[in-house]
Amino acid sequence: MTEVSFHFNAPDKLAYACRFARKAMRHGMRLVVTGRASDLQALDRMMWNIGPTDFVAHAVAQGDPDVVHASPVLLAADPMQVAPRDMLLNLGEHIPSGFEQFQRVVEVVCATDEADRQGARDRWRQYKAQGYEIVRHDLVLKDNA
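Conventions adopted
Residues numbered from 1 in each chain as written. Predicted model: local features only at pLDDT ≥ 70, side-chain atom pairs only at ≥ 80, totals over all residues. Heavy atoms only, no water. Phe/Tyr/Trp six-rings, centres within 6.5 Å; stacked < 30°, edge-to-face > 60°. Helix = DSSP H or I, 4+ residues; strand = E, 2+ residues; numbered from the N terminus. Buried < 20%, exposed > 50% of the residue type's maximum accessible area, 1.4 Å probe, protein only. Salt bridge = Lys/Arg side-chain N within 4 Å of Asp/Glu carboxyl O. Contact = heavy atoms within 4.5 Å.

Draft legend 1. Up close: the packing of aromatic side chains. On inspection of all chains with the given rule, the structure shows nine aromatic pairs. Look at Phe99 and Tyr127: their rings are 5.2 Å apart centre to centre, the planes differ by 90°, and that puts the pair in the edge-to-face class. Of this pair, Phe99 sits in the loop between strand S5 (87-90) and strand S6 (104-110) while Tyr127 sits in helix H4 (residues 114-129), and the two are 28 residues apart along the sequence. In this structure, Phe99 and Tyr127 share a single accessibility class: buried. Put simply, the rings of Phe6, Phe8, Phe99, Trp124, Tyr127 and Tyr132 touch in pairs and so form one group of aromatic residues.

Structure follows, in structure tokens:
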């Protein structure tokens, strides 16, 4: 069964997603990041500009098929349109279709956006109703530990 975790209190969801993708890539994980098209475009720009020593090798799912296949990190509005990967990072408002094809799903929740936090509560209940155990990561407590 897919492992579902929520990473709460991200001060900046996109910056957190960029760091998460870099860490996943360094650990040899193949990651799909999903969310709104505008967020994925902004994340794409961030990943190109993160710095020469911190580059995150990534591709947009609709890009060149050879590049998409070789990239450890994919940005995809619809994760069902990409080959299964190790992990799915959800920046979107809804549970992504086909999430169960991934070993892990990570939901990122903003620290200050109440609508985002409410959406996360709704997704949490939906995952629970489907029988998933959820792992909770409070990023504020992690930073203070």
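Draft legend 2. Region of interest: the pattern of salt bridges. Overall, the coordinates contain eight salt bridges when judged by the stated rule. Taking the shortest distance from any N to any O, the salt bridge between Arg36 and Asp39 comes out at 3.1 Å. The exposure class of Arg36 is partly exposed, given its relative accessible area of 44%. One salt bridge connects Arg125 with Asp122, and the closest N-O pair in it is separated by 2.5 Å. Taken together, the residues Arg125 and Asp122, both in helix H4 and three residues apart, mark about one turn of the helix. Using a relative accessible area of 32% as the deciding quantity, one classes Asp122 as partly exposed.

Draft legend 3. Broad picture of the environment of Val33. Along the polypeptide, Val33 turns up in strand S2 (residues 31-34). Judged by relative accessible area, Val33 falls into the buried class, the value being 0%. Measuring from C-alpha to C-alpha, the distance between Val33 and Leu88 comes to 5.9 Å, with 55 residues separating the pair along the chain. Discounting chain neighbours no more than four positions away, the residues touching Val33 are Leu40, Leu43, Val73, Leu74, Leu75, Ala76, Leu89 and Leu91.

So, to be careful, I would describe these as geometric facts and stop short of saying anything about function.
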